[in-house]
Amino acid sequence: MRIGIIGGSGFYQMEGLTDIEKTEVETPFGKPSDALILGNLDGKPVVFLPRHGIGHRLLPSDINVRANIYALKSLGVEWLISVSAVGSLRQDIEPRHFVVPDQLYDHTKDRKSTFFGDGITAHVSLAHPFCPQLRDLLSAGATEVGAVVHNGGTYICMEGPAFSTQAESELYRRFGFDIIGMTAAPEAKLAREAEICYAVLACSTDYDCWHPDHDNVTTEMILDNVRANVETSKKAVRAAVAKIPDAQRTCACATALQYAIATHPDEIPTAKRHQLKFLLDKYLA
């Protein structure tokens, strides 16, 4: 069992890793964002992947999330911590605060968010898109290192790469969303299909553009706050990793596909079985 860490904006490496091995992984869905870094973090086996690639080369819409999640699954990842920069839609979630959301609204338009299709149908449950157990561990880890943490909230995932208009931002607030980002929706859906426990440490960088004193969100402003958040988020992730139990998982994430596959096994194309072997062998072998 390995623990996966996906680093977001500014989070391109994980300090503290020992016994480091860099590996290029080819998947049936193409290449991940970058090479995956395997190592040990305080005695725990870890795989680290920079979401946007080293040097931040990939737009949110250009990230091959299927390849990222499939590569992590193929390396034995069962727990996955995602670090993500977000905008705040609430006055009390200030820039440089942290949020561990418990709900998700997908407002993307052009993302690949399922491994299925091409002759096989599956419908996983996503009522609770983030693993409750991992959320608790992540919130506890962030609190332990002194971060201001908001435990719970709804993350709206927009397409990007442009930031919101004021009209959009005001609408999202009226809908009751708490934070806004560009990456969590496809990751959460694909992690659930891969039966990986997934949670997000969302790092607030700005007030989007709804706030009268912060109505002009710029990349410079966000990057300044990203840099301030990165060191805290690394410490929070390290503290959370230390809390992840070695015992077999008991949450629903671990068996998300058990009753989700609607296609009769005899009707699943051989090529698709092979493509999804790390997901399907458990149930179809």
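Positions within a chain are numbered from 1, following the residues in the order the chain's sequence is written. Only residues with pLDDT of at least 70 get local features here, since the model is predicted, and only at 80 or more are side-chain atom pairs given and counted; chain-wide, interface and lining totals rely on the full set of residues. To obtain the side-chain values, all non-hydrogen atoms of the structure were used and water was disregarded.

A.B. asks: Just to check I follow, could you spell out the side chain of Arg-135 for this structure?
C.D. replies: A helix here means a DSSP run of H or I that spans at least four residues, while a strand means a run of E at least two residues long, and both kinds are numbered starting from the N terminus. Assignment of secondary structure puts Arg-135 in helix α2 (residues 132–144). Polar contact is defined as a pair of N or O atoms within 3.5 Å, subject to the rule that within protein one atom must be able to donate a hydrogen and the other to accept it, and that residues adjacent in sequence are counted only when both atoms are side-chain atoms. From its side chain, Arg-135 meets the backbone oxygen of Val-100 in a polar contact 3.1 Å long.

A.B. asks: Looking at this structure, how should I read empty space enclosed by the protein?
C.D. replies: The probe, sized like a water molecule, is rolled over the atoms to show the empty space still left. A 1.4 Å probe that fits into a set of points on a 1 Å grid over the protein atoms alone but cannot get out defines a cavity; an open set with protein on both sides within 12 Å along at least five of seven lines defines a pocket, and lining residues are those with an atom within 4 Å of a point. Grid points are joined across faces, edges and corners, and a volume is the space filled by probe spheres set on the points. Considering all chains together, one arrives at 2 cavities of 30 Å³ or more under this definition. In this structure, the largest cavity occupies an estimated 70 Å³ of space. What lines the largest cavity is simply Gly-8, Ser-9, Phe-11, Val-83, Ser-84, Ala-85, Cys-203, Thr-205, Val-226, Asn-229, Val-230 and Ser-233. Contributing elements (two or more residues each) for the lining of the largest cavity: β5 (77–88), β11 (197–206) and α5 (219–243).

A.B. asks: Is there a simple way to explain the packing of helix α1 (residues 65–74) against helix α7 (residues 277–284) in this structure?
C.D. replies: Angle between the axes and distance between the axes are the two parameters that describe a pair of packed helices. Inter-axis angles, ranging from 0 to 180 degrees, are taken between N-to-C directions of lines fitted to C-alpha atoms, where helices are fitted over the stretch in contact. Contact geometry for α1 and α7: axes closest at 10 Å, N-to-C directions at 55°. One finds that α1 runs oblique with respect to α7. Only Lys-277, Phe-278 and Leu-279 of α7 make contact with α1, whose side of the interface consists of Tyr-70, Lys-73 and Ser-74. Only Asp, Glu, Lys and Arg are considered charged, only Ala, Val, Leu, Ile, Met, Phe, Trp, Tyr, Cys and Pro nonpolar, and every remaining residue, Gly among them, polar. Of the residues belonging to the contact of α1 with α7, the class tally is 3 nonpolar, 1 polar and 2 charged. With respect to orientation, any angle under 35 degrees is reported as roughly parallel, any angle over 145 as roughly antiparallel, any angle of 65 to 115 as roughly perpendicular, and every other angle as oblique. Residues count as neighbours in contact if any of their non-hydrogen atoms are within 4.5 Å of one another.

A.B. asks: Any chance you could explain the pattern of salt bridges here in plain terms?
C.D. replies: A pair can form between side chains of opposite charge whenever their charged atoms are brought close. Salt bridge, as used here, is a side-chain nitrogen of Lys or Arg placed within 4 Å of a carboxyl oxygen of Asp or Glu. Scanning the entire structure with this criterion turns up 14 salt bridges. The closest approach of N and O atoms between Asp-92 and Arg-90, which form a salt bridge, is 2.6 Å. Of the residues examined, Asp-92 reaches a relative accessible area of 38% and is grouped as partly exposed. Burial classes follow relative accessibility: with a 1.4 Å probe on protein chains only, a residue under 20% of its type's maximum area counts as buried, one over 50% as exposed, and anything between as partly exposed. The exposure class assigned to Arg-90 is partly exposed, which follows from its relative accessible area of 24%. For Asp-281, the salt bridge is made with Lys-277, and the minimal N-O distance between the two is 3.8 Å. Note that Asp-281 and Lys-277 are positioned in helix α7 at a spacing of 4 residues, about one turn of the helix. Through salt bridges with shared partners, a single network forms among Arg-90, Asp-92 and Asp-178.

A.B. asks: Sorry if this is basic, but what is going on with the layout of surface pockets here?
C.D. replies: In this structure, the largest pocket spans a volume of roughly 500 Å³. Forming the walls of the largest pocket are 26 residues, and the residues nearest its centre are Ser-9, Pro-60, Phe-163, Met-182 and Ile-222. Those elements that place two or more of their residues in the lining of the largest pocket are β5, β9 (154–158), β10 (179–181), β11 and α5. The residue inventory of the lining of the largest pocket, partitioned by class, reads 14 nonpolar, 9 polar and 3 charged.

A.B. asks: Teacher, can you tell me more about α2 here?
C.D. replies: Two residues of an α-helix separated by three or four positions point the same way, owing to the 3.6 residues in each turn. Helix span, as expected, comes to 1.5 Å for every residue beyond the first. The terminal C-alpha atoms of α2 lie 18 Å apart, and with 13 residues this matches the ideal 18 Å at 1.5 Å per residue to within 8%. Residues of α2 that are buried: Leu-134, Arg-135, Leu-137, Leu-138, Ser-139, Gly-141 and Ala-142. At the C-terminal side of α2, Gly-146 shows a positive phi close to 95°.

A.B. asks: Explain the packing of aromatic side chains to me, please; I cannot follow it from the model alone.
C.D. replies: Aromatic ring pairs are described here by two measures, namely the spacing of the ring centres and the angle between the planes. When the centres of two rings from Phe, Tyr and Trp lie within 6.5 Å, Trp using its six-membered ring, the rings pair. Their planes under 30 degrees apart give stacked, over 60 give edge-to-face, and anything left gives tilted. Inspection of every chain in the model, using the stated rule, returns 9 aromatic pairs. Relative to Tyr-70, the ring of Phe-29 has its centre 5.6 Å away and its plane inclined at 65°; by these criteria the two rings are edge-to-face. Of this pair, Phe-29 sits in the loop between β2 (17–23) and β3 (36–41) while Tyr-70 is found in helix α1, placing the two residues 41 residues apart along the sequence. Comparing Phe-29 with Tyr-70, the two get one shared label, buried. With 6.1 Å between their ring centres and 25° between their planes, Phe-130 and Tyr-198 make a pair best called stacked.

A.B. asks: Please explain the environment of Gln-13 as it appears in this structure.
C.D. replies: As for its position among the elements, Gln-13 is in the loop between β1 (2–7) and β2. Spatially, the C-alpha atoms of Gln-13 and Lys-234 are 9.1 Å apart, while their sequence positions differ by 221 residues. Every residue in contact with Gln-13, bar those within four places of it in the chain, is listed here: Phe-48 and Lys-234.

A.B. asks: Before we go on, may I ask you to explain the pairing of β1 in this structure?
C.D. replies: It is a general feature of regular strands that their side chains alternate between the two faces of the sheet. Taken across its 6 residues, β1 has 5 buried, putting it largely inside the fold. A pair of strands is labelled paired if DSSP reports no fewer than 2 bridges between them. Sheet analysis places β1 next to β5, joined by 5 bridges and oriented parallel. Along β5, the bridge assignment pairs Ile-5 with Ile-81. As paired elements, β1 and strand β4 (residues 44–50) share 5 bridges and run parallel to each other. Bridge assignment links Gly-7 to a residue of β4, and that residue is Pro-50.

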